Amino acid sequence: MNGFALAMRIARRELRAGLSGFRIFIACLVLGVTVIAAVGTMNAAIVGGLNANARSILGGDVDLRLQGRPAAPEHLTYLKSNSAGLSRAVDFRAMAQRPDTRERTLIELKAVDDAYPLVGAVKLSPALPLEDALKQKDGVWGATVDARVLDKLGLKIGERIRVGEATFAVRARLEIEPDRIASVFRFAPSLMIHDAALPDTGLIRPGSQVDYHYRVVLGSSGGGIDGNAAAWIDALKKKFPDAGWRIRAKDNAAPGVRRFIERMVLFLSFVSLATLLVGGIGIGNAVRSYLERKTPVIATLKCLGASSAFVFKVYFIQILLLAAAAIAVGLALGAALPSLGLMLAEDLLPIRPVIAFYPAPIAIAAVFGILTTVTFTLWPLGRARAIPAAQLFRDRIDSRRVYPHRAVLIAFLAGTALLAGLTVATASDKGFALWFVGGTIVTLALLRLGAGVLMAGAKRIKRTGGTGHAAWRHGLANLYRPGAATPNVVMSLGVGLSVLVAIVSIEQNLRHQIDSRIPEQAPAFFFIDIQPHQIDALKKTIQSIDGTQAFRQAPTLRGRIVAINGTPVEKAKIDSDVRWAVRGDRALTYAAEPSPETELVKGVWWPADYSGPPIISFDARVAKGFGVGIGDTLTFNILGREITAKITSLRETDWRSLRFDFAVIFAPGALEGAPHTHIAALQTPPHLEQTVERHINERFANVTAIRVREALDAAATLLSGIGAAVRGAASIALIAGALVLGGVIAAGHERRIYDAVVFKVLGARRLNTLKAFLVEYGVLGLCTGLIAVLIGTLTAWGIVVYLMRMSWSFFADGAMLVLIVCLVLTLILGFAGTWRALGAKAAPYLRNR
């Protein structure tokens, strides 16, 4: 019989004795693989839903958007003759009003033509064709309204609603709007009217912030196939190179939603990897504990002539067999649980996920599981392989530094490198993945260092007689004696707790930014779509209301950065954290003098009477991401016209404060002749908000008032949902840590029995022994919690300050909660294991020795 067959036979026979010693191993592996597979499957299902519904979300095969102006007649002629279908939709923010009470609310007004929707279907309640709901009857146009508008204004189906200068009959509630989910954060509900009714509102004026969408169905010639759509788009760009379209096809139907999902999944994936890391520590502990119990068998095999390689092979086969079963269970759960959860939450999601079996995330989870198992078992297996037979019998009390064979060490390092490489390779953000890998290494090093400091400190206190009580002496001695559980407990529980501390701290800082710091600086209102001839009258109206303060206004229009130093943005090298600046239209302004809070970091401001070629002041952080500075140029597409401007100064801009500011400020002379509007900001006490809104509505029907408080409430609600999901994922890492802690305590159960028996023989009472054990676990839990709080807080500080670029605040309540959780968890599990050991009878145990 060859060596492998014999090793397989012995491995199978040993497994017949049961899974004692491997329960924690299996639980940790199942949990880690399940979480990774579940996160990947959930992402695939939601992205699959986005892809499957891409045409409906987009409204066709191609979406062409123009900001502030409709398409030219020659553009429309070309689109009609080169497509199977064309539809126009106009959308912008406006105010809807209940005519009898003058109650107002912010809405997203959408005006659609008869061809809308080209793809997908609008669902109304009561059910009726969209054409019937919007058409004019008895001189009154119809409207379909989101339920939130009805609730806010107290309206019912059949009643009237006023938008701008027109009054509409509410004929249906808008249940499903197929092209609604282009972005995640839209706090204004929808109101839909017919395109022909739009002029009656009087809201479209020169410079109004309006989006014109032209949706195209390509038909049999394009068929919606990506390659044909790409060719069609290329032909359109060549035909009208200066049209200023912002073009989206099916592969980019909902970029905001897709980016949001990618970031959420990225974060959840790293939490799941942290869970698997904790599980890996548990796997290593379980294997080491199992091998300790198998010491007589291993020593006997070696004494009978078995080679170290043969012994290694026997137990490695056992571990792989068990790991295969555990990974299979984890993969099955990871594939099934997200499907069940998504089906239950289907109505709450913005799109309908495609629930199916996705092999890619399952395969990735399986590879992670295999690599984790192999990597974390190599060290204890290699050490058992290297220890001589005689040393195996006394390894518990004489644990010398025995390192695995060189080949095992190389394999261990290779496994670690492969885990790190797979983490980076499967992440959507490679830079963040590299930070995660580096942070993980530093975290493990700090935890191991912390465990060493704790053991050295306990040893020093005992030697210097720092405590006189016997329970304290014995408890502290248990922290550093041979075979002490201190490193394993600190490592296993510390990782999960560090992740939880970091997440809680980041969320608290975000919430603090929204709830306190931003409201102190933010205005109560933003007013948009103010016509130039209205700005003075609006200012006088607001100043006539006692109690209002800090009114500010600025001219604005929209433009898109199309080239950097003459290089198209598609080909320019731009850092990922500022790529948002070239994804779409940006708000631009012009000013003769800088605002009071302007902070120039480089260059100089232009003279108040400047007259010359276009020049701009640019945001310093965006400029750094663009790789530009003083003297470089940016090219803008503004209302279809390209303007190239030179950068003459760089400014520090704090976007988180909601300060009235712009990334790009032009010098006078370049933009005044273009159609534009003004925006304004106002600070006012909460009790005056209704009064201000009423006065503006009575005098300026076209002006839209955005309550900042409502926007912040919407952001806080979104943050709460995200926080709950991430905290739930982080809690799984903590559960894994608790499992590992339970395994550590279970592994030391036999040693606890031995200690308890010795204490009994020497006359110690059960209470004294219990106190010693509780001191050990109390100190261990408290110190582990403190180490985790330190590491988690440092991690959160780095992410908040350097990645999120926010101010940092330390919240002691979150840290105290984690400390309490760690202390209670350690004491409960330690007490449970100790109580069982104290109940053991001394006589049978001594006879067996």
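Keep in mind that this is a model prediction, so the values were computed, not measured.

## A look at the overall build of the chain
- The secondary structure content of the chain amounts to 26 helices and 21 strands.
- The 849 residues of the chain split such that 51% are buried.
- Across the chain, contacts joining residues at least 24 apart in sequence account for 82% of those joining residues at least 6 apart.
- Surface summary for the chain: the accessible area is close to 38,000 Å², and the carbon and sulfur share equals 60%.

## Some details on the environment of glutamate 693
- Mapped onto the elements of the fold, glutamate 693 is located in helix 21 (residues 689-699).
- In this structure glutamate 693 comes out as buried when scored by relative accessible area, which is 6%.
- Sequence spacing of glutamate 693 and arginine 102 is 591 residues, and the spatial spacing of their C-alpha atoms is 10.0 Å.

## Focus: the pairing of strand 2 (residues 85-97)
- Within strand 2, 11 of the 13 residues are buried, which leaves the element mostly enclosed by the surrounding structure.
- Pairing analysis gives seven bridges linking strand 2 to strand 9 (residues 211-217), with the strands arranged antiparallel. Counterpart to glycine 85 in the pairing with strand 9 is valine 217.
- Inspection of the sheet shows strand 2 paired to strand 6 (residues 160-163) by two bridges, in the antiparallel sense. Its bridge partner being in strand 6, glutamine 97 is matched across the sheet by arginine 162.

## Remarks on unusual backbone geometry
- Residue proline 117 is bonded to the preceding tyrosine 116 through a cis peptide linkage, with omega at -10°.
- If you trace the backbone, proline 117 turns up in the loop between strand 3 (104-112) and strand 4 (123-125).
- The omega angle of the peptide bond from serine 125 to proline 126 is 5°, so this bond is cis rather than trans.
- Note on placement: proline 126 falls in the loop between strand 4 and helix 5 (130-134).
- Unlike most non-glycine residues, asparagine 565 shows phi in positive territory, near 55°.

## A short note on the side chain of threonine 541
- Position of threonine 541 relative to the elements: it lies in helix 19 (residues 535-543).
- For threonine 541, a relative accessible area of 9% translates into the label buried.
- A distance of 2.9 Å separates the side chain of threonine 541 from the backbone oxygen of alanine 537, its partner in a polar contact.
- Beyond its immediate chain neighbours, meaning those up to four positions away, threonine 541 contacts His695, Arg699 and Phe700.

## What about the nonpolar core?
- Ranked by size, the top nonpolar core spans 49 residues in total, and within it Phe25, Leu29, Leu291, Tyr315, Leu331 and Leu381 carry the most contacts.
- Those elements giving two or more residues to this core turn out to be helix 1 (3-15), helix 2 (23-52), helix 10 (255-293), helix 11 (295-303), helix 12 (308-344), helix 13 (359-386), helix 15 (406-425) and helix 16 (430-463).
- Looking at this core, the element that brings in the most residues is helix 12, giving 14 residues.
- One finds Trp141, Leu150, Tyr212 and Val216 within the second-largest nonpolar core, a separate group that totals 44 residues.

## What about the environment of arginine 699?
- Here arginine 699 shows up in helix 21.
- In this structure arginine 699 comes out as partly exposed when scored by relative accessible area, which is 47%.
- In this structure the C-alpha to C-alpha distance between arginine 699 and threonine 541, which are 158 residues apart in sequence, comes to 8.6 Å.

## Let's talk about the packing of aromatic side chains
- As enumerated under the stated definition, the model contains seven aromatic pairs in all.
- Judged by centre distance (5.5 Å) and plane angle (85°), the ring pair of tyrosine 78 and phenylalanine 240 falls under edge-to-face. Note that tyrosine 78 is positioned in helix 4 (residues 73-81) and phenylalanine 240 in the loop between helix 9 (226-239) and strand 10 (246-249), a separation of 162 residues in sequence.
- Look at phenylalanine 618 and phenylalanine 626: their rings are 5.7 Å apart centre to centre, the planes differ by 45°, and that puts the pair in the tilted class. For the pair phenylalanine 618 and phenylalanine 626, a shared accessibility class is recorded, and that class is buried.

## Some words on a nonpolar patch on the surface
- Judged by side-chain polarity, Val442, Leu446, Leu449 and Val453 come together as a nonpolar surface patch covering roughly 350 Å² of accessible area.
- Relative to the helices and strands, leucine 446 is located in helix 16.

## Considering the pattern of salt bridges
- Applying the stated criterion to the full structure yields 17 salt bridges.
- Here arginine 98 and aspartate 100 are joined by a salt bridge, their closest N and O atoms 2.7 Å apart.
- For aspartate 100, a relative accessible area of 56% corresponds to the exposed category.
- Two residues, arginine 707 and glutamate 689, come together in a salt bridge whose shortest N-O distance is 3.5 Å. Of this pair, arginine 707 sits in strand 21 (residues 704-707) while glutamate 689 sits in helix 21, and the two are 18 residues apart along the sequence.
- Each of Asp63, Lys110, Glu177, Asp179, Arg215 and Arg248 takes part in salt bridges that share partners, so that together they form one network.

## Thoughts on the pairing of strand 20 (residues 677-683)
- The buried fraction of strand 20 is high, at six of seven residues.
- Direction of pairing for strand 11 (residues 525-530) relative to strand 20: antiparallel, over a ladder of four bridges. Bridging from a neighbouring strand, phenylalanine 527 pairs with alanine 680 of strand 20.
- Of the strand pairs in this sheet, strand 12 (residues 549-564) and strand 20 are connected by six bridges, and their pairing is antiparallel. Residue pairing in the sheet places threonine 556 in a bridge with threonine 677 of strand 20.

## Things to note about helix 2
- In this model, helix 2 (30 residues) spans 42 Å end to end at C-alpha, consistent with the 44 Å of a helix rising 1.5 Å per residue.
- Summarising burial for helix 2: 21 of the 30 residues are buried, a large majority.

## What about the environment of glutamine 209?
- Position of glutamine 209 among the secondary structure elements: in the loop between helix 7 (198-201) and strand 9.
- Separated by 467 residues in sequence, glutamine 209 and histidine 676 place their C-alpha atoms 8.6 Å apart.
- For glutamine 209, the residues in contact, after removing those within four places along its chain, are Gln67, Phe92, Ile528, Asp529, Thr556, Thr677 and Ile679.

## What to know about the side chain of threonine 375
- As for its position among the elements, threonine 375 is in helix 13.
- According to the relative accessible area criterion, threonine 375 is buried, its value standing at 2%.
- Filtering out sequence-adjacent residues up to four positions away, threonine 375 remains in contact with Phe412, Gly415, Thr416 and Leu419.

## Thoughts on the confidence of the model for the chain
- Looking at the chain, the pLDDT average stands at 80 and 82% of residues meet or exceed 70.
- Looking over the chain, one finds the lowest element-wise mean pLDDT in helix 8 (residues 219-222), namely 53, and the highest in strand 5 (residues 141-145), namely 95.
- With pLDDT under 50 throughout, residues 221-227 is counted as low confidence; its partners more than four residues away or in other chains account for nine contacts.

## Observations concerning helix 11
- Burial in helix 11 covers these residues: Thr295, Ile298, Ala299, Leu301 and Lys302. Each buried residue of helix 11 lies within a common arc of 160° when the element is viewed along its axis, so the set occupies one face.
- In the stretch just after helix 11, glycine 305 is the one whose phi turns positive, near 110°.

What counts and how
- Residues numbered from 1 in each chain as written.
- Predicted model: local features only at pLDDT ≥ 70, side-chain atom pairs only at ≥ 80, totals over all residues.
- Heavy atoms only, no water.
- Helix = DSSP H or I, 4+ residues; strand = E, 2+ residues; numbered from the N terminus.
- Buried < 20%, exposed > 50% of the residue type's maximum accessible area, 1.4 Å probe, protein only.
- Contact = heavy atoms within 4.5 Å.
- Areas by Shrake-Rupley, 256 points an atom, 1.4 Å probe, with all protein chains shown as cover.
- Pairing = 2+ DSSP bridges.
- Polar contact = N/O pair within 3.5 Å; in protein donor to acceptor, adjacent residues only side chain to side chain.
- Core = buried A, V, L, I, M, F, W, Y, C linked by side-chain atoms within 4.5 Å.
- Phe/Tyr/Trp six-rings, centres within 6.5 Å; stacked < 30°, edge-to-face > 60°.
- Patch = residues over 30% accessible without salt bridge, like charges linked within 9 Å, V, L, I, M, F, W, Y side chains within 5 Å.
- Salt bridge = Lys/Arg side-chain N within 4 Å of Asp/Glu carboxyl O.
- Expected span 1.5 Å × (residues − 1).
- pLDDT = per-residue confidence, 0-100.
- Arc of directions from axis to C-beta.

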